[in-house]
Amino acid sequence: MKNRIFLNSPHMSGNEIKYIEKVFESNYIAPLGEYVNKFEESIKNYIKSENALAVNSGTAAIHLALRVLGIGNGDDVLASTFTFIGSVNAILYQNANPVFIDSDNKSWNLSPELLEEYLKVCEKKPKALILTHLYGMCADIEKIAEICKIHNIYLIEDAAESLGATFNGKHTGTFGDFGIYSFNGNKIITTSGGGMLVSPNKNWIEKAKYYSTQAKEPFLYYEHEEYGYNYRMSNVLAAIGVGQMEIIEERVSKKREIFNWYNENLKDIEEINFMPELKNSRGNRWLTAVTFENTSYEKIIKVLDEINVESRPLWKPMHMQPLFKNSKSFVDGTSENLFKKGLCLASSTTQTKNDVEFICNTIKKNCN
Ligand SMILES: Cc1ncc(COP(=O)(O)O)c(C=O)c1O
């Protein structure tokens, strides 16, 4: 039997281990050091952002953004419903209330039309929006950023899955007040675990740094006026990130190539629809995501598993989660329908064209 084909395998460039050795030579085996700074610089240069803060997860980055923006007790925070729980957990950490907005079929991401409609009818004005660019594909970000501006709502872009995706040439994560990225083991590049917070506002990033390092006041001894967190990234893991950033563009190209292989193989099957890419955008195609009109996705997961290939259902929308049964939502069934029909296909950058053909043959044989 072939080795298992995973949904997304970590894929090192080869330099990561050399940089880790350098960290060991320096003995800065700590949540600070040369490679933390270098990793922040490489992200700033790549996405063209003025300010960046390396932290220990994407979830921590979102939490810091909410804290810096003063989101707290009882505040309403809008969020994409079609996302992973890591997008929205921090709303609960801040004792705020999530309000979930549905996707549209054009992007599978948050619908600007529903967002506008909600803002017309809502009784309580939300303070912020956490917008996810799902599976590495751009939301209709220019429109959504404009709506947030008009309504005076802070915009936090959850670009955890979309490093390298651009809309009109501008990187996801750089349209809003804050952007966040994740370097969890399954992302397009990884530090095994980690995140990055970016913002055009230098003071906000400095404040986030203060909160991320236990909110120490600038005294010789330890003085605290506020509570903080232990959220900074380790220098050892940042060394992996520096090596990974050297090949980010290669990885985006390969992800897009994998998508094209799937598309070529499956495009004639009416049963199957691919996650769309908005005009003027370049997604990173982190995971190739599809829906089946009549075939059950459970069946496809099972037959792929039998040939030792991993696949996964699409994220279950947040408004359908028991955790959020009492939360507000503004939905029209779009994400629920996608969830009921959809699947993420194995998309590791280590995959070959033959691997994709092998997977597609099994899918074709088992489609209704
Ligand atoms: C859309 C989305 N948001 C947030 C996160 C949280 O990132 P992390 O796992 O680094 O905390 C993830 C990934 O795990 C994600 O996919």
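Residues numbered from 1 in each chain as written. Predicted model: local features only at pLDDT ≥ 70, side-chain atom pairs only at ≥ 80, totals over all residues. Heavy atoms only, no water.

Asker: Hey, could you run me through the overall build of the protein in this one?
Answerer: A count of helical and extended segments in the protein gives 12 helices and 15 strands. A compact globule built from 368 residues should have a C-alpha radius of gyration of about 21 Å, and the protein, at 21 Å, falls within 12% of that. Overall, the protein is about 70 × 55 × 35 Å in size when its C-alpha atoms are taken along their principal axes. Evaluated residue by residue, the protein yields a buried proportion of 58% over its 368 residues. For the protein, restricting intrachain contacts to residue pairs at least 6 apart in sequence, the fraction spanning at least 24 positions comes to 71%. (Helix = DSSP H or I, 4+ residues; strand = E, 2+ residues; numbered from the N terminus. Rg over C-alpha atoms; globule rule 2.2 N^0.38 Å. Buried < 20%, exposed > 50% of the residue type's maximum accessible area, 1.4 Å probe, protein only. Contact = heavy atoms within 4.5 Å.)

Asker: In this structure, what is going on with the pattern of salt bridges? I would like to understand it.
Answerer: Opposite charge on two side chains lets them pair, provided their charged atoms get close. Evaluation of the coordinates by the stated rule reveals 18 salt bridges. In the salt-bridge network here, residues are joined through shared partners; they are Arg67, Lys207 and Glu226. (Salt bridge = Lys/Arg side-chain N within 4 Å of Asp/Glu carboxyl O.)

Asker: Any chance you could explain the pairing of strand 8 (residues 178-182) here in plain terms?
Answerer: Moving residue by residue along a regular strand, the side chains alternate between the two faces of the sheet. Burial of strand 8 is extensive: five of the five residues sit out of reach of the surface. Across three bridges, strand 5 (residues 154-158) lies against strand 8 in parallel orientation. Bridged to Asp158 within strand 8 is Ile180. (Pairing = 2+ DSSP bridges.)

Asker: What is the right way to read the pairing of strand 15 (residues 342-345) from this model?
Answerer: Side chains of strand 15 alternate between two faces, with Gly342 and Cys344 and Leu343 and Leu345 buried alike. Judged from the four bridges that link them, strand 12 (residues 288-292) and strand 15 form a sheet pairing that is antiparallel. In the strand pairing of strand 15, Ala289 is matched with Cys344. Bridge count between strand 13 (residues 312-313) and strand 15: two bridges; the pairing is antiparallel. In the strand pairing of strand 15, Arg312 is matched with Cys344.

Asker: Honestly, empty space enclosed by the protein in this entry has me stumped. Any pointers?
Answerer: Gaps left between atoms are located by rolling a probe of water-molecule size over the structure's atoms. In the structure shown here, the tally under the stated rule is one cavity of 30 Å³ or more. In this model, the largest cavity occupies a volume close to 40 Å³. As for the largest cavity, its lining consists of Asn8, Ser9, Pro10, His11, Lys187, Ile188, Ile189, Thr190, Gln244, Arg251, Lys255 and Thr349. Residue composition of the lining of the largest cavity, by class: three nonpolar, six polar and three charged. When residues of the lining of the largest cavity are assigned to domains, at least three map to each of domain 1 (16-245) and domain 2 (248-366). (1 Å grid on protein atoms, 1.4 Å probe; cavity = no way out; pocket = protein on both sides within 12 Å on 5 of 7 lines; lining within 4 Å. Points joined across faces, edges and corners; volume = space filled by probe spheres on them. Nonpolar A, V, L, I, M, F, W, Y, C, P; charged D, E, K, R; others polar. Domains from an automatic or database assignment.)

Asker: I'm lost on the domain arrangement of the protein in this one. Help?
Answerer: Reports often express the size of an interface as the amount of accessible area lost when the parts come together. The domain architecture assigned to the protein consists of domain 1 (16-245) and domain 2 (248-366). Domain 1 and domain 2 are separated by 25 Å when their C-alpha centres are compared. Opposite the 48 residues of domain 1 that make contact, domain 2 presents 42 residues. When domain 1 packs against domain 2, close to 4000 Å² is buried across both sides, 66% of that on carbon and sulfur atoms. The largest share of the area that domain 1 buries against domain 2 comes from Trp108, Tyr135 and Met137, three residues that together contribute 21% of it. Across the contact surface, domain 1 and domain 2 share one salt bridge. Note that Lys328 and Asp76 form a salt bridge whose closest N and O atoms lie 2.7 Å from each other. At the level of elements, helix 4 (89-93), strand 3 (97-101), helix 5 (112-121), strand 6 (166-167) and helix 8 (235-245) are the ones that each hand at least two residues to the side of domain 1 that touches domain 2. (Buried area = accessible area lost by both parts, 1.4 Å probe.)

Asker: Any chance you could explain the site of the ligand here in plain terms?
Answerer: Taken together, 15 residues lie near the ligand, and Thr59, Asp158, Glu161, Ser182 and Lys187 sit nearest. The separation between an oxygen atom of the ligand and a polar main-chain atom of Gly58 is 2.8 Å. Lys187 is positioned such that a nitrogen or oxygen atom in its side chain is 3.0 Å from an oxygen atom of the ligand. For the ligand, the accessible surface in isolation is 380 Å², of which the surrounding protein chains cover 93%. (Near = heavy atom within 4 Å. Polar contact = N/O pair within 3.5 Å; in protein donor to acceptor, adjacent residues only side chain to side chain. Areas by Shrake-Rupley, 256 points an atom, 1.4 Å probe, with all protein chains shown as cover.)

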